[in-house]
Amino acid sequence: MNGNGSSLPFRGELFLRLADEGRFVVDAAQADQAIAGLERTLAQIESRLRVIRVWRQEPVPRTDDLPDQLVRFVVGALFADQVAPGRLEQAAVEIPKYIEALRRARSPGLSRPIRHF
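Numbering of residues begins from 1 in every chain and follows the order in which that chain's sequence is written. Only residues with pLDDT of at least 70 are given local features in this predicted model, and only at 80 or more are side-chain atom pairs given and counted; all residues enter the totals for whole chains, interfaces and linings. Computation of side-chain values: all heavy atoms of the structure, hydrogens and water removed.

A. Quick look at the overall build of the protein. Going along the chain from the N terminus, every DSSP run of H or I of four or more residues is numbered as a helix, and every run of E of two or more is numbered as a strand. Looking only at helices and strands, one finds four helices and two strands in the protein. Secondary structure elements of the protein, listed N to C terminal, follow the sequence α-β-α-α-α-β. Only protein chains enter the accessibility calculation, which uses a 1.4 Å probe; a residue is then buried when its area is under 20% of its type maximum, exposed when over 50%, and partly exposed in between. When each of the 117 residues of the protein is scored for burial, the buried share is 29%. Pairs of residues are marked as contacts when any of their non-hydrogen atoms sit within 4.5 Å. Counting only contacts in the protein whose residues sit at least 6 apart along the sequence, the fraction spanning at least 24 positions is 83%. Methods summary: accessible areas were calculated by the Shrake-Rupley approach with a probe of 1.4 Å, and residue burial reflects only the protein chains presented. As displayed, the protein has an accessible area near 8,000 Å², and 53% of this comes from carbon and sulfur atoms.

B. Main features of the pattern of salt bridges. Salt bridges are counted wherever a side-chain nitrogen of Lys or Arg sits within 4 Å of a carboxyl oxygen of Asp or Glu. Inspection of the entire model under this criterion finds eight salt bridges. Between Lys 97 and Glu 94 there is a salt bridge whose closest N-O contact spans 3.0 Å. Highlighted residues: Lys 97 and Glu 94, both in helix H4 (residues 87-105), separated by three residues, approximately one helical turn. By relative accessible area, Lys 97 is classed as buried at 19%. Assessed through its relative accessible area of 12%, Glu 94 is described here as buried.

That is the geometry; function is a separate question.
Structure representation (structure tokens):
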């Protein structure tokens, strides 16, 4: 467990420090691919957080009038928040650090094997 009691700690600050020290280096193509994936993940997290915020502001939240596809998204967002409260907010803060660390660690070419994280 980390200092805030979560069992799956985020390591954004560590990745940033390692990248700044030159101890975290990633091939440019792999870094770009990872960055794109993290940006997609961040967009999904931010969408879920928006849904949760709107849902909490409703006087009487109901899914009856929503299209089925939207209901699944709302239920998924709310379920994720119930199962791991605060984790989405944490991810929304930490994932940009991972993206920035990858940008800093991006190398045009490596002569050594790349370690996957």
